[in-house]
Amino acid sequence: MNKGKASLADLIFRSIFIIFSILTVGITIHTYQLSVNTINEEVKRNLQQTSGIINNFFEHRLSILQIRQDTDAESLAVYDQYVESDYKNKLNTYFSNIEAKSPYNSPDFRFIEVNNKLYWDDGNSSFLSLNEDCLKIIIKKNLNINTWYYIKMKDPLSEADFLIRKTPIVNNDSGRIVAFIYNSVMLNNNISFLNKLKKLTNSQDVFIINDNKILASSVSSNTEIYQEVTSVLNGTRKRIPSKILNFTPINIKSMSGEISILSLKNKDNIELLEQRFIYSVVLSFFVLIAIAVLIRGLFEHKILLSLNSLLKYTNTVSKNETRSEYQGCGILEFDQIGEKLEQTFSELIEAKEDSYKAQRAAEKLAQVKSDFLARMSHEIRTPLNGILGISSLLKSSNLTREQQKQVNILHQGGEHLLAVLNDILDFSQIEQDKLKINSAPFKLSDVLDNINAIYFPICKNKNVFFSIENHVNSDIFINSDQVRLTQILFNLLSNAVKFTEKGKVKLTLSLNKHNSDYYLQFSVDDTGVGICAEEQARMFEPFEQSGFSESRKFGGSGLGLAIVKQLLDLLKGKITINSTLGVGSTFSVLIPVLICEDKANISDAKAENEITSLPTGLKILLIEDNKSNAYIAKAYCQKYGLNVTWRNDAAQGIAELSKSEFDLILMDNQMPGMSGIKATKYIRNHLKIMTPIYAYTADALEESNQEFFSAGANYIITKPIKEKSILDALAFYKSENGLPPFDS
């Protein structure tokens, strides 16, 4: 098969090897030297440009504040006003209005001096660790007028670094200086200023330095880069690997040493060196082409024709992405390359087709899974609504003790089935990355009151001692996702109570601070069955429980701890377990949180939203095809004095709206003929009726809720309906429709 074919190595190796080697080595060395020189020049130019940007930005920022200060001094240049008794209040009002209109042009704090005494300050200095004594010390320094100074203020309780400027307030009539206004900018931890510098200079990190000491930085003090910069400033090391350090002195008068800006940049000019090498390869290519032209007469028929054949085959297969047979050429090596390419192309095309098939199958499977969950949620929640609704109504009726016990068992079974369903839906949403974290301020004590109200009687019935040891101040407002935090606590406590037959279950909570960050730490201790070390390693996997026997004995879906772990991942938290088989377990959780400082405003806002009474006498149209669900909804509504008209499909409901007016519409979704979502769109778009529509549905998925809202619904009530669902809906109706405190 290979008889009569020439070897490519025999034809060209000897003739071009020496030339190729010399050219390649020479070009590579030349390119490397050129790249190194270019990089050094570029680094030098870049550092100069960065320093210029920093100084320009610094001067621009101070100029803006200076203009604002001079404008304020001119606006306050009316001496007679200083003798007025309420002039300080007028100053507060004046500067509050200025800051509200232009917060960027306002200093961090300001104060006014009259006759070498502190006359007024805006109160911001106290939040920045500067009391009135510090302001008086500044006044005594006798600063030059209209000049920026850097000052370091130290006292036993605090240390502050800031820039300050003193401007006279001159009476317009007499021309006499009646007061001085001081404007100041804080340097300590001025994150917004540093981030602006970082963005403008395209730096990785920025530091403000005073006499080799860091005043502020764009990174946390516990990071590795912060420690490395500290070592450079202390002289213990000369440089930082992979970083370029640029010190930019700030030209400003100082009473406490010099200040400068340190910017850090990555040594990314290596990319430039790589580009130079690419250029050298390209140049080598063109040189080789020139050599090939000189010897093409000798090799034209043997090499060029074979190479063109190989390239043509490659291009044809690449463009068409179809299998094709390589026809061969006159050179042995090219034939071998062509055969390998043919095999490789076939494998790649086959792999690509398999990949497309797998992708389509995965997308179809995800859609089928989502549709299945939606249908199962609806099909399970619809009968659950009847079970829980009727059992709730029976619990409040006159029953014998035995009947009450039976109803309680029925209700608890329904609640357990609902909890399992909710766990499955939550787990599915987390898997599909559809579960979102919604943070808002709340009191931890509110969550703990609900926990105690639920688990104390449960533990009491099991003769298990339940306690909550809370070390968090009850006045503190925590900013996090209250719903998901409560869900984590409930899942951990439910497991602890479920697996504890005697002894105790204890919840301990505390709030810890590390640097400037706050962490909520809590642990759940029990004296239950415990978990062996082997099972602890897979406790947080879905559908896992501590042993088959315990699973059969205690029940459960096996999703509780998996959901806890995934929710903690969303909240940036972590969980650890310490357990001994037969002794008990301790689950410890650490979650980063924000602390709301303005507690008064939050309390006021909650007080304003507190519902003192619920609306009664409302005319409600209930559109629901399931008789048991309709009966339960009517029973709850009538309990709170609401007049309910029931229609069992969307068409009848729309006909009723055409002849009667209602205050509220309760709309089911899955109904024969027309769905609730389509009916809502018809009511809004065709009938032009703006009556509030509350979706009353067993579809618990977020997609269904969003479809309802998009159609024009105002609120979502999820089945199975509970008495609290009706109360929450009435509270929402009251807040949205501006009802008076007491409805007739």
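Above this text you will find the structure in question.
In this text the structure is predicted, and so the values were computed from the model without any measurement.

Novice: Can you explain the side chain of Asp72? Please cite residues and give values.
Specialist: Along the polypeptide, Asp72 turns up in helix H1 (residues 8–75). A polar contact of 2.9 Å, which involves the side chain of Asp72, links it to the side chain of Arg68. Ignoring any residue separated from it by four or fewer positions in sequence, one finds Asp72 in contact with Tyr94, Phe95, Arg110 and Ile181.

Novice: A description of the packing of helix H10 (residues 444–461) against helix H11 (residues 482–498) should follow, citing residues and the corresponding values.
Specialist: The axes of two packed helices give the description: the angle between them and the distance between them. Two numbers describe how H10 lies on H11: the axes approach to 11 Å, and their chain directions differ by 25°. The orientation of H10 relative to H11 falls into the category roughly parallel. The chirality of how H10 crosses H11 is right-handed. In contact with Leu444, Val447, Ile451, Ile454, Tyr455, Ile458 and Cys459 of H10, H11 contributes Gln482, Leu485, Thr486, Leu489, Phe490, Leu493, Ser494 and Val497.

Novice: Help me get a handle on the environment of Asn463, residues and values and all.
Specialist: With respect to the secondary-structure elements, Asn463 resides in the loop between H10 and strand S12 (464–470). Classification of Asn463 by relative accessible area gives exposed; the value is 67%.

Novice: So, the sheet that holds strand S10 (residues 259–266): which residues are in play, and what are the values?
Specialist: The strand order S7-S6-S10-S8 describes an open sheet built from 4 strands, whose pairing is antiparallel. Edge positions in the sheet fall to strand S7 (213–217) and strand S8 (243–249), since each of these pairs with one other strand and no more. With direction set aside, neighbouring strand axes in the sheet form an average angle of 30°. Contacts from helix H6 (residues 224–234) reach strand S6 (205–210), S7, S8 and S10, with the element oriented near 150° to S7.

Novice: Break down a nonpolar patch on the surface for me, citing the residues and quoting the values.
Specialist: Among the surface-exposed residues, Ile145, Val170 and Ile177 lie close enough to one another that they form a single nonpolar patch of about 210 Å² accessible area. Looking at the element boundaries, Val170 is found in strand S4 (residues 159–170).

Novice: Could you give an account of the environment of Leu621, naming the residues involved and the relevant values?
Specialist: With respect to the helices and strands, the residue Leu621 is situated in strand S18 (residues 619–623). As for Leu621 and Ile654, which are separated by 33 residues in sequence, their C-alpha atoms are 10.0 Å apart. In this view, Leu621 contacts Thr645, Arg647, Gly653, Glu656, Leu657, Phe662, Leu664, Ile665 and Leu666; residues no more than four positions away in its chain are not counted.

Novice: I'd like a rundown of the side chain of Ser218, residues and numbers included.
Specialist: By the element assignment, Ser218 lies in the loop between S7 and H6. Reaching out from Ser218, the side chain makes a polar contact with the backbone nitrogen of Val206 at a distance of 3.0 Å. With residues near it in sequence (within four places) discarded, Ser218 still touches Leu194, Asn195, Lys198, Asp205 and Val206.

Novice: Before we move on, can you summarise the nonpolar core with the specific residues and values?
Specialist: If you look at the biggest cluster of nonpolar residues, it comprises 39 residues, and the most contacted ones within it are Leu444, Ile451, Ile488, Leu492, Leu507, Phe522 and Ile591. Put simply, the parts of the chain that give this core at least two residues each are H10, S12, H11, strand S14 (503–514), strand S15 (517–526), helix H14 (560–570) and strand S17 (584–596). The element best represented in this core is H11, accounting for 7 residues.

What counts as what
Residues numbered from 1 in each chain as written. Predicted model: local features only at pLDDT ≥ 70, side-chain atom pairs only at ≥ 80, totals over all residues. Heavy atoms only, no water. Helix = DSSP H or I, 4+ residues; strand = E, 2+ residues; numbered from the N terminus. Polar contact = N/O pair within 3.5 Å; in protein donor to acceptor, adjacent residues only side chain to side chain. Contact = heavy atoms within 4.5 Å. Axes fitted to C-alpha atoms, helices over the stretch in contact; angles between N-to-C directions. Parallel < 35°, antiparallel > 145°, perpendicular 65-115°, else oblique. Left-handed = near helix turned anticlockwise from the far one by under 90°. Buried < 20%, exposed > 50% of the residue type's maximum accessible area, 1.4 Å probe, protein only. Pairing = 2+ DSSP bridges. Patch = residues over 30% accessible without salt bridge, like charges linked within 9 Å, V, L, I, M, F, W, Y side chains within 5 Å. Areas by Shrake-Rupley, 256 points an atom, 1.4 Å probe, with all protein chains shown as cover. Salt bridge = Lys/Arg side-chain N within 4 Å of Asp/Glu carboxyl O. Core = buried A, V, L, I, M, F, W, Y, C linked by side-chain atoms within 4.5 Å.

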